[in-house]
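Spelled out from the first residue to the last, the chains are:
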Amino acid sequence: MEKIKGNIISQLPFQGLKKVSDLIEYDGPILSHFRDEYDNDYLYYWVDFNESVNRWLVWKIDELHLYKYLKGTESLKELLENKDKDFVYSIEIDSELQYKNIAAVYLNQIPEKYQIEEESTYKLDIPKLYLPVIEKYESDFYLTTLRELSLEFTLEPSNHKYSTTISALDAGIFLKKLCNSYLNFIQEDFFSKFKHTFGDYSRLQKVVGQFKEILTPRIVELEYGSFKVSIGSDFTHTVGNDEYNKWQREILNAYKEEVIDVDYSSSESLNRIAEKYEVDARRRIYGPYLDILNDKDYKVEVTNYKKTFRKVYNRVETSKRKILIPETIENNHDNEKRKLYSVVLELDEKQDIKNISTKGLKEGLLFSQEMKDVEIIWNEIDGTEYYFELNQPFKFIFTIDNNNSYKAENKEFGLEAIGSDKDEVFQNIIHQFEENYIKITNGDFAGDSNPYSTLIKNAISLN
Amino acid sequence: MKNLKYHQLIANNSLNNCPDNECNEMETDAFRWVYEDISNELNYLPTFLYNEKQNRPQRKNSTDDMKCSMCALSFYVSQEKAKEAFVVLPLRVREMLGYTHLGYINISKDMGLVNFELNGHLDLFEYENIDLSGSFSIIGALN
């Protein structure tokens, strides 16, 4: 038997101990539940033997932890090592049930061979006699446990015009971004850990989809003043096997370590992330979180339920952000195909369409239609050297091609301007128009008839 | 009524109503934790005798632990159940129990009385003059 370091005592300081049940047994008890005459609960865990005695570790346990163990949400290791006690008892029992060598053993003095591995959760059928305990804790267990595992975010407004309150809009956007970041992390982490176990990619995607639904953050605590919200992640509904269950139980903590508990001012730690995750994953996971940290309207602090973890952030510098999200990637949306729409708006007579708000646009929109191209009509042209008053409108066709290249074309004047946005194209076509006009006035025009002569009423020099 | 192989052990330990009326003769597949060497006689001993043979004290922590089942052989109803029950044990416990392999037997009605318990576990109370060793096979490692 292992040598025990502890303080020898004459007897256990409990009275009227009676066995309730063997929670684990095989050819005899392995883990037994006892109760004393005051209804305190104890566990006996078999750890050693010699030719005359079996040795047991004995410790007090409260009913809630017993419930969690039976439900598989707390392991035997956690029960043994729970810091709500300083020591456990080591006792030796012979075949005649005589107790010998009773000792109080500090947790850190428990022999290494008696240590229990992480995967020591209870997976057997729960004995029927525990059904009342299960029913007692079932109703509030879910919320209690979610809270214990949650992360608390506090949003402190940047200015105190409205005291310490945060606008509902900011709170809503914050929650949405946090959810996006977390769900993208879930997807990335599940893929990296389990994709090799799937032969069928669509099945992998389906499982990830199921987990993203199950693990969507739950709000488990809410306070206003400084806006505080605690976010938990479900641990009861699951998909598949034990490995997934284990992953599910640890995913919020993994998010904390990989995304929240990061020094965003350190190039070294950001480079480590950049090495670990592909740019697209970084954009999806870290992009929304960096937006939160750099929101000008509030500052963020994150803690855990027991306040053993606390993280405050400064604004993340652009140069640091670029380590995680290179600009070309960040602006990826600009590569999306741009389209033209013709819209019909209903506005008040005095409303200036150039100053219309998004809200005004939404409210005034009567209908819209996608256009392949659009004819632009100018009644005057404002160049860099001349301002042109026109006899008749100058018209050109405006298009955006599949490569998001913008084009303005007027066949009558032989003008064709290309650019990467509307302003560049307009500047280019004005520049061509002006250049041609200058050529004409310098006598360089070679055509049969001068199209500009009928179009231009006055060309006013701006110099 | 046929005599049980360990009826004397049951009597010596004053185990009343052992085995109880729930036990029946039946034919069923059964899986048991064993040592790798199929000829090891420890593979075919009920707990009480196993402990004696190994010079181990009976593993008890309460007066009601001298159970009827200590005079029977432990089995599981399926390979999966047998492995599940093993892997939930802490490594230290697995090491102390000493079993490394899974044995298979097709229990027949003439072998004894069978009692089904929780978690896919069953006990076999052998009849007198039954020797299971010839009907047993090792089907693989437990881990």
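Description of the structure in this document.

Reading the values: the criteria
Residues numbered from 1 in each chain as written. Chains lettered and ligands numbered in written order. Predicted model: local features only at pLDDT ≥ 70, side-chain atom pairs only at ≥ 80, totals over all residues. Pairing = 2+ DSSP bridges. Helix = DSSP H or I, 4+ residues; strand = E, 2+ residues; numbered from the N terminus. Core = buried A, V, L, I, M, F, W, Y, C linked by C-beta atoms within 7 Å. Buried ≥ 20, exposed ≤ 12 C-beta atoms within 10 Å, placed from the backbone. Contact = placed C-beta atoms within 7 Å. Nonpolar A, V, L, I, M, F, W, Y, C, P; charged D, E, K, R; others polar. Axes fitted to C-alpha atoms, helices over the stretch in contact; angles between N-to-C directions. Left-handed = near helix turned anticlockwise from the far one by under 90°.

All names here are of chain A. Taken together, 7 strands build an open sheet; the order of strands is β1-β7-β6-β5-β4-β3-β2 and the sheet is antiparallel. Edge positions in the sheet fall to β1 (7–8) and β2 (18–25), since each has one partner strand and no second. The pairing of strand β4 (residues 41–49) with strand β5 (residues 53–61) spans 8 bridges and is classified as antiparallel. Considered in β5, the bridge of Y45 is made with L57.

It is worth spelling out the nonpolar core at this point. Residue and element names in this part refer to chain A. One finds L155, Y182, I186, Y255 and Y286 to be the most contacted residues of the largest nonpolar core, which totals 37 residues. Counting residues per element, the ones that place at least two in this core are β8 (151–157), α4 (168–194), α5 (201–214), β10 (227–232), α6 (242–260), α8 (279–293) and α9 (318–324). Among the elements that make up this core, the one with the highest residue count is α4 (7 residues). Beyond its immediate chain neighbours, meaning those up to four positions away, Y182 contacts P217 and Y255.

With that settled, consider the interface of chain B and chain A. Facing 24 residues of chain B, the contacting portion of chain A comprises 30 residues. By residue number, the principal contributor to the side of chain B that touches chain A is helix α4 (residues 91–97) of chain B, which donates 5 residues. Across the side of chain B that touches chain A, the residue classes tally to 9 nonpolar, 8 polar and 7 charged.

This brings us to the pairing of strand β6 (residues 87–94) of chain A. All names here are of chain A. Burial analysis of β6 places 6 of its 8 residues in the buried class, which makes it a mostly covered element. Relative to β6, β5 runs antiparallel, the two being bridged by 6 bridges. Paired with R55 across the strands is E92, a residue of β6. Bridge analysis of β6 against strand β7 (residues 99–106) gives 6 bridges, and the strand direction is antiparallel. What sits directly across from Y89, in β7, is A104. Between β6 and β7, which pair antiparallel and follow one another directly, the connecting turn spans 4 residues, one of which, L97, has a positive phi of 65 degrees.

Time to look at the packing of α4 of chain A against α5 of chain A. Residue and element names in this part refer to chain A. Contact geometry of α4 with α5 gives a least axis separation of 10 Å together with a crossing angle of 145 degrees. In this structure, α4 crosses over α5, and the sense of that crossing is right-handed. Contact with α4, carried on its side by L183, I186, Q187, F190 and F191, involves V208, F211 and K212 of α5 and no other residues of that element. Residue composition of the contact of α4 with α5, grouped by class: 6 nonpolar, 1 polar and 1 charged.

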